[in-house]
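# Summary of the model geometry
Residue strings, one per chain:
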Amino acid sequence: MPELPEVETTCRGIRPHIEQTQITNVTVRQPKLRWPITPSLKKHLKNQTITGVRRRAKYILIDTSNGTLMVHLGMTGTLSIVSPSIPASFHDHVDIALSSGELLRYRDPRRFGSIHWSKNIECHALITHLGPEPLSTEFTPDTLYLKSRQRKTSVKQFIMDGKIVVGVGNIYANEALFKAGIHPKRQAGKISLKRYEHLVEQIKTTLSEAIEAGGSTLNDFYNSDGKPGYFQFSHLVYDKANKPCPVCKKPITCTKLGQRATYFCTVCQK
DNA sequence: CTTACCGCCTGTCGGC
DNA sequence: TGCCGACAGGCGGTAA
């Protein structure tokens, strides 16, 4: 499941291959993603030059001379650079052919991802409603604390709300709450500023470390289907039900919170 | 405004 | 061993 670090790693991996190249062709084999791919996608992209690659939340933004391609990887999506000699397999839904001779290939077995094109992406509804980037200076304990007042939802669901802060998925929410010593079910509106300071710090460092580790994968990004580098570090609590807590050795608890698997230590998180 | 829940998909896993 | 139902999960949409 691509979390923010994996999306960032993908941006960095494809950027040197696609920037300043021209799109020579677009092949859509399966338009039915989370939202259907617009039939006009090819018309908008063909013959355009790619001017930059950015990330906003978990969206990959590929800027061209006349607009922006917005790609979300959903649960199982990948965007990779491949040689045209590699035949498309069943789940390879879109190929973007480049003047360099390489292909930018979108693969998504579960099709939870999406591909949009917009002339002015900053005004796209999916972008305008987003909260601050977790690694930006706008994401601070003070703003998080202020936004949380009167909120009855759990702190875990609160930090996974894209209007509050983007890019904190289930894995990193679990990990950051564990490191900050905060019980995931604690009511967001009843957490002190001091504790939000710890939480913000842990969200930032956990994501940063994962991005840094992902960077180690970039050497073999081309034609690579390997896992990003940060998978070499196993998680502390995520997917560790009944395994000993890395700090106190008490078995990790697994429960559901808003339909999502939630892992925590009843001793270390209060 | 909030909160809770739905549904899109397919690969994987547990039970029989 | 093989089948089949349950389920996971990001996240926008919608109902209450």
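Refer to the preceding data block for the structure.
All figures in this text were calculated on a predicted structure; none of them were measured in a lab. Residue numbers here run from 1 along each chain, matching the order of that chain's written sequence. Both sets of labels track the order of writing: A upward for chains, 1 upward for ligands. At least 70 in pLDDT is required for a residue's local features to be given in this predicted model, at least 80 for side-chain atom pairs to be given and counted, and no such filter applies to totals for whole chains, interfaces and linings, which use all residues. To obtain the side-chain values, all non-hydrogen atoms of the structure were included, while hydrogens and water were left out.

### Focus: the side chain of Gln-269
By the criteria applied, helices consist of DSSP H or I runs no shorter than four residues and strands consist of E runs no shorter than two, each listed in order from the N terminus. For Gln-269, the position within the fold is in the segment after β10 (260–264). Burial status follows relative accessibility: with a 1.4 Å probe on protein chains alone, a residue under 20% of its type maximum counts as buried, one over 50% as exposed, and anything between as partly exposed. Accessibility expressed as a relative area gives 1% for Gln-269, which makes it buried. At 2.9 Å, the side chain of Gln-269 forms a polar contact with the backbone oxygen of Ile-182. Here, residues are in contact when the closest pair of their heavy atoms is within 4.5 Å. Look past the residues within four positions of Gln-269 in its chain and what remains in contact with it is Leu-177, Phe-178, Gly-181, Ile-182, His-183, Pro-184 and Phe-264. In protein, a polar contact means a hydrogen-donor-capable atom and an acceptor-capable atom, both N or O and within 3.5 Å, with residues adjacent in sequence counting only if both atoms are side-chain atoms; elsewhere, any N or O pair within 3.5 Å suffices.

### Brief notes about the nonpolar core
Counting 33 residues, the largest nonpolar core has Ile-159, Tyr-196, Leu-199 and Ile-203 as its most contacted members. Going through the elements one at a time, α5 (155–159), α6 (170–180) and α7 (193–215) are the ones with two or more residues in this core. Once residues lying within four places of it in the same chain are set aside, the contact partners of Ile-159 are Val-165, Val-168, Ala-173, Leu-177, Leu-199 and Ile-203. Put simply, buried Ala, Val, Leu, Ile, Met, Phe, Trp, Tyr and Cys residues joined by side-chain atoms within 4.5 Å make one nonpolar core.

### Focus on the pairing of strand β9 (residues 253–257)
Sheet topology note: the β9/β10 ladder contains 5 bridges and is antiparallel. Bridge pairing links Leu-257 to Arg-260 in β10. A pair of strands counts as paired when DSSP detects no fewer than two bridges linking them. Between β9 and β10, which pair antiparallel one after the other, the connecting turn spans 2 residues, and Gly-258 there sits at a positive phi close to 55 degrees.

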